[in-house]
Amino acid sequence: MSTLIAATRAEFAKVFTTRIWWILLIILGGYVALLSGGLGLLFGATSQGMLGASEGVEGMPTTGLATMIYSTATSIGYVFPLLLGALATTGEFRHQTLTPSFLATPKRGIVLSAKAIALFLIGAGFGVVAIACSVGAGSAALAGFDIDTALDSSDTWALIGRSVLAMAIWSILGVGLGSVIPNQVATIVVVLAFTQFVEPILRSVGALADWIGTVTQWLPGAASDALVGASFYGAMGASGAQLDWWAGGLVLLGIALVVTVLGWLATWSRDVT
Amino acid sequence: MGDLGQTIEFTGLTKSFGGFTAVNDLSFSVRPGRVTGFLGPNGAGKTTSLRALLGLVNPTSGTATFDGIRYRDLASPLTTVGAALEAASFHPGRTARHHLEIYARAAKLPITRARESLALVGLDGFADKRVGGYSLGMRQRLGLAYALLGDPGVLVLDEPVNGLDPEGIKWIRELLRSLAAEGRTVLISSHLLSEVQQSVDDIVIISKGEIVHQGTLADLDTGDQLRVHVDSPDRAALGAALEASGFQIEMSRSGFIVHDVEPGAVGHAAFVAGVELSALQRKTSGLEDRFLSIVGGGAS
Ligand SMILES: Nc1ncnc2c1ncn2[C@@H]1O[C@H](COP(=O)(O)OP(=O)(O)OP(=O)(O)O)[C@@H](O)[C@H]1O
Ligand SMILES: [Mg+2]
C-alpha cells in the first residue's frame, strides 16, 4: 500500500515537473470561459429580443439555460483532461521513461494504478477550474440580462460536483488510451478525431431515431453528459435517449477502466527494450 | 564492508524475440567487491541480458537474480540495485533534479538524494537545467546519478563509458574501482575490451547470445602467444639463419615473424650466423586482438 502511495506521489511529480499541464489548463479555462460567457450573452440578448429576431423568439424560455451553459465545462472541455491523461502515458513511451519508472517500482500494476489515481485527482482539479470558469463567465453574462443564474439551487451545485467527477474520469480514460496507443501523435489524432468528429456525428445520428439513440447513449461523451445531467448537445436537440446520471457515470468509468486494462495487456505488461 | 554487495546469478537465461534467439542459455555469476566486464560485439545480447536481469524484459526461460531474489521481488529495489541502461531515458523538458526526485519519491528515498547523487557525478551545477539541453556526456552522467540514487550495493551499467571524454573515462574508471573496493558488486557492459580493460577484474564475453569466454582479465592475458619480429639489412641471410635454427617463421612486410620463441634466442641465432640485425622485438598481440579472436572464432 505504501508503495502505491509513493508511486502516486511520483506520478503527481511527473505531471507537475513539465509544462504541458498548465498549458492545457490555461487553454481549457480560457476556452470554457469564452464559450459560456458568449453563450450567456447570446441567449440573454435573444431572450430579450435584442438580436432583432422574429416575434416568436421573444418569449424564449430561460429555465435550464444556466445549467446548460455551465455544463460547457464538461461537454466541451472534457477533451483537455483526456489529452492530459493520454500525454502522461504516451510521454513515458516516447521518452523511454518507463525504464526508470519500472526500475523504481518493479510491480508495473502499481505504476499504472498510481498513474490512474494521480490523473483522476488532477483531472478533478481541471474540472474545478473549468466549472469555475464556465459558472463565473456564464452567470455574469446571464445576470446582465436578469436571467436566473440558478446558483441558489442545490441542483446546480450537484451538477457542478458531477462535472468535476466527469472530468476526473476522463483523465483516467486518457491514461488508458495512451497505454493502448503508445504513439503520442497517433493518440492525439485519435482523441481529436473521435471527440470532435466521430462522436458528435454519431450522436447527431442517434437523435434521428430512437433505436439508434439507445445505442449511442453508451458512447463516452453521451455517458459523460448523462452523468453531468445537462448538456450543450442535449439543448441543441442533437441527442436522443439519455442514461440516468449514475448510470452515465458508471458507463464512463467502465469505459475508462476497460480501456486501461486493454492498455495493460497491449503495452504496459510487455518487454521494455 | 565485504557484505555490501550481492551476488548476481544468471541461470540458463534465454530470451527469444519471435523466432530470433537474442540470448541463449546464459549462466554466470558476478561477485561482490569486483568489477565485472560484460563484453561482446554489437547485437551480442548484452542489453537484452541486463534488461532481463532488471525485470524489464521477460525471459523466455531461465532466471537472473540478486542473492537468489528476482529484481521484481526485491523489497527495496533502488537501494539494492542501481542501474543505468544505454538508451537515454529522460523527459527533455524536465530538469535533472526533478527527474531524480520523481524516482526518489517512488522508491521512498529522501528527496535530498537527488541533489547528492547529482553532486557525485559532477552535475550539481546543472541540476536545475532542462535535460533537453544536456550533452551526451552529461546525459551519461545523469544516468549514472540515477543508478547511484539509492546508494545501492549492486551497480549494473550498460555501456557507461559511451560518450565520455578521456577525462570522463578516467573519472568513471576510478569511481567504479572505488565502488568495488567498498565491497559493492559492479557489472558493466561494453563492446570494446580496451574501453574497460583498466577497470575490470573479471570478464564475461558473449557473442551471438552465448557465452564464449569467462574468467579473470589475467586469464585472458596468458592466452597470448609469444611472437618475435626480426629484420636485417640482408634478409636472405637472416631467413637462412632462422630456418637453420629450426624456428617456425613467417614472412612479413617488414621482415620475419618468429613464433613461440624468446627474442634472445632469435638474436643468438643471428649472432651465431653472423647476420646483422636492424630490428628485434617481442610482439604482443594485445588483449583486444585476443578478444576479437574469441568473439569471432566461437568458443575458446
Ligand atoms: N525488442 C526486440 N525485438 C526484436 N529483436 C530484438 C529486440 N531487442 C533486441 N533485439 C535483438 O537482439 C539482439 C541483441 O540485442 P542487444 O541490444 O541485446 O545487443 P547488445 O549486445 O546490447 O548490442 P550493442 O552493443 O549494439 O548495444 C540483436 O540482434 C537485436 O536486434
Ligand atoms: Mg546494448
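Residues numbered from 1 in each chain as written. Chains lettered and ligands numbered in written order. Predicted model: local features only at pLDDT ≥ 70, side-chain atom pairs only at ≥ 80, totals over all residues. Heavy atoms only, no water.

Asker: Let's hear about helix α6 (residues 79–94) of chain A: which residues, and what values?
Answerer: All names here are of chain A. The first and last C-alpha atoms of α6 sit 21 Å apart over 16 residues, in line with the 22 Å expected at 1.5 Å per residue. With respect to burial, α6 is a largely interior element, 14 of its 16 residues being buried. Q96 lies just past α6 and shows a positive phi near 55°. (Helix = DSSP H or I, 4+ residues; strand = E, 2+ residues; numbered from the N terminus. Expected span 1.5 Å × (residues − 1). Buried < 20%, exposed > 50% of the residue type's maximum accessible area, 1.4 Å probe, protein only.)

Asker: Now, about the site of ligand 1: what can you tell me, with residues and values included?
Answerer: Neighbouring ligand 1 are 14 residues; G43(B), G45(B), K46(B), T47(B) and T48(B) lie closest to it. Ligand 1 is flanked by residues contributed from chains A and B. A44(B) places a main-chain nitrogen or oxygen 3.2 Å from an oxygen atom of ligand 1. Between ligand 1 and T47(B) there is a distance of 2.6 Å, counted from an oxygen atom to a side-chain nitrogen or oxygen. Relative to its unbound accessible area of 630 Å², ligand 1 is 67% covered by the protein chains. (Near = heavy atom within 4 Å. Polar contact = N/O pair within 3.5 Å; in protein donor to acceptor, adjacent residues only side chain to side chain. Areas by Shrake-Rupley, 256 points an atom, 1.4 Å probe, with all protein chains shown as cover.)

Asker: I'd like a description of the nonpolar core, backed by residues and values.
Answerer: Counting residues in each nonpolar core, the largest one holds 147 residues, and the members touching the most others are I8(B), F10(B), L54(B), F66(B), L142(B) and V156(B). When residues in this core are grouped by element, the largest group, 12 residues, is from helix α9 (residues 154–180) of chain A. Looking at which domains feed residues into this core, each of domain 1 (8–220) and domain 2 (225–294) of chain B gives three or more. Contacts of F66(B), omitting those with residues within four sequence positions, involve Q6(B), T7(B), I8(B), L53(B), L54(B), Y71(B), L74(B), V81(B) and V154(B). Formed by 13 residues, the second largest nonpolar core is a distinct cluster that contains V228(B), A241(B), V258(B) and V266(B). (Core = buried A, V, L, I, M, F, W, Y, C linked by side-chain atoms within 4.5 Å. Domains from an automatic or database assignment. Contact = heavy atoms within 4.5 Å.)

Asker: Requested: an account of the interface of chain B and chain A, with residues and values cited.
Answerer: Contacts between the two partners involve 31 residues from chain B, matched on the other side by 29 residues from chain A. Summing the contributions of chain B and of chain A, the shared interface buries around 2,700 Å²; its carbon and sulfur component is 57%. At the junction of chain B and chain A, the tally comes to 1 salt bridge. When the shortest N-O distance is used, the salt bridge between K15(B) and D271(A) registers 2.7 Å. Counting across the chain B and chain A interface gives 15 residue pairs in polar contact (both at pLDDT 80 or more). Of all the secondary-structure elements, those providing two or more residues to the side of chain B that touches chain A are β1 (8–17), α2 (77–80) and α3 (96–106) of chain B. The leading source of residues in the side of chain B that touches chain A is α3(B), at 5 residues. Of the residues assigned to the side of chain B that touches chain A, the class counts are 17 nonpolar, 6 polar and 8 charged. (Buried area = accessible area lost by both parts, 1.4 Å probe. Salt bridge = Lys/Arg side-chain N within 4 Å of Asp/Glu carboxyl O. Nonpolar A, V, L, I, M, F, W, Y, C, P; charged D, E, K, R; others polar.)

Asker: I'd like to hear about the domain arrangement of chain B, residue by residue, with values.
Answerer: Residue and element names in this part refer to chain B. Domain annotation for chain B reports domain 1 (8–220) and domain 2 (225–294). Listed as interface residues are 12 residues of domain 1 and, on the opposing side, 5 residues of domain 2. A per-residue breakdown of the area domain 1 buries against domain 2 is headed by L193, I205 and L220, which together make up 53% of the total. At the surface where domain 1 touches domain 2, the tally comes to 0 salt bridges. There are 0 residue pairs in polar contact (both at pLDDT 80 or more) connecting domain 1 and domain 2. Secondary structure elements with two or more residues in the side of domain 1 that touches domain 2: α7 (193–196), β9 (210–216) and α8 (217–222).

Asker: Describe in detail the packing of α6(A) against α9(A), supporting the description with residues and values.
Answerer: What describes two packed helices is the angle between their axes and the distance between those same axes. Residues and elements named next belong to chain A. Between α6 and α9, the least distance of the axes is 6 Å, while the angle of their chain directions is 30°. Here α6 is positioned roughly parallel relative to α9, judged by the angle of their axes. Remark: the crossing between α6 and α9 carries right-handed chirality. Residues P81, L82, G85, A86, T89, T90 and F93 of α6 form the contact with α9, whose participating residues are M167, W170, S171, L173, G174, V175, G178 and S179. Here the residues of the contact of α6 with α9 are counted per class, giving 8 nonpolar, 7 polar and no charged. (Axes fitted to C-alpha atoms, helices over the stretch in contact; angles between N-to-C directions. Parallel < 35°, antiparallel > 145°, perpendicular 65-115°, else oblique. Left-handed = near helix turned anticlockwise from the far one by under 90°.)

Asker: If you had to explain unusual backbone geometry to someone new, which residues and values would you point to?
Answerer: Residues and elements named next belong to chain A. Positive phi, normally seen in glycine, also occurs at D146, with a value near 60°. In the Ramachandran plot, A150 falls in the positive-phi region, its phi being about 60° despite a non-glycine side chain. Tracing the backbone through its elements, the reader meets A150 in the loop between α8 (108–144) and α9. Exposure remark for A150: the relative accessible area of 14% places this residue in the buried category.

Asker: How would you sum up the sheet that holds strand β3 (residues 35–39) of chain B? Please name residues and give values.
Answerer: Residues and elements named next belong to chain B. Strand order in this open sheet of 6 strands is β5-β6-β7-β3-β8-β9, and the pairing throughout is mixed. The sheet is open, and its two borders are formed by β5 (81–84) and β9, each paired with just one other strand. Put simply, the sheet's adjacent strands are angled 15° from each other on average, direction ignored. Two elements, β3 and strand β7 (residues 185–190), share 5 bridges in a ladder whose sense is parallel. Counted as the bridge partner of T36 is L187 from β7. Here helix α6 (residues 166–181) sits on the sheet and contacts β3, β6 (154–158) and β7; the angle it forms with β7, its principal contact strand, is near 150°. (Pairing = 2+ DSSP bridges.)

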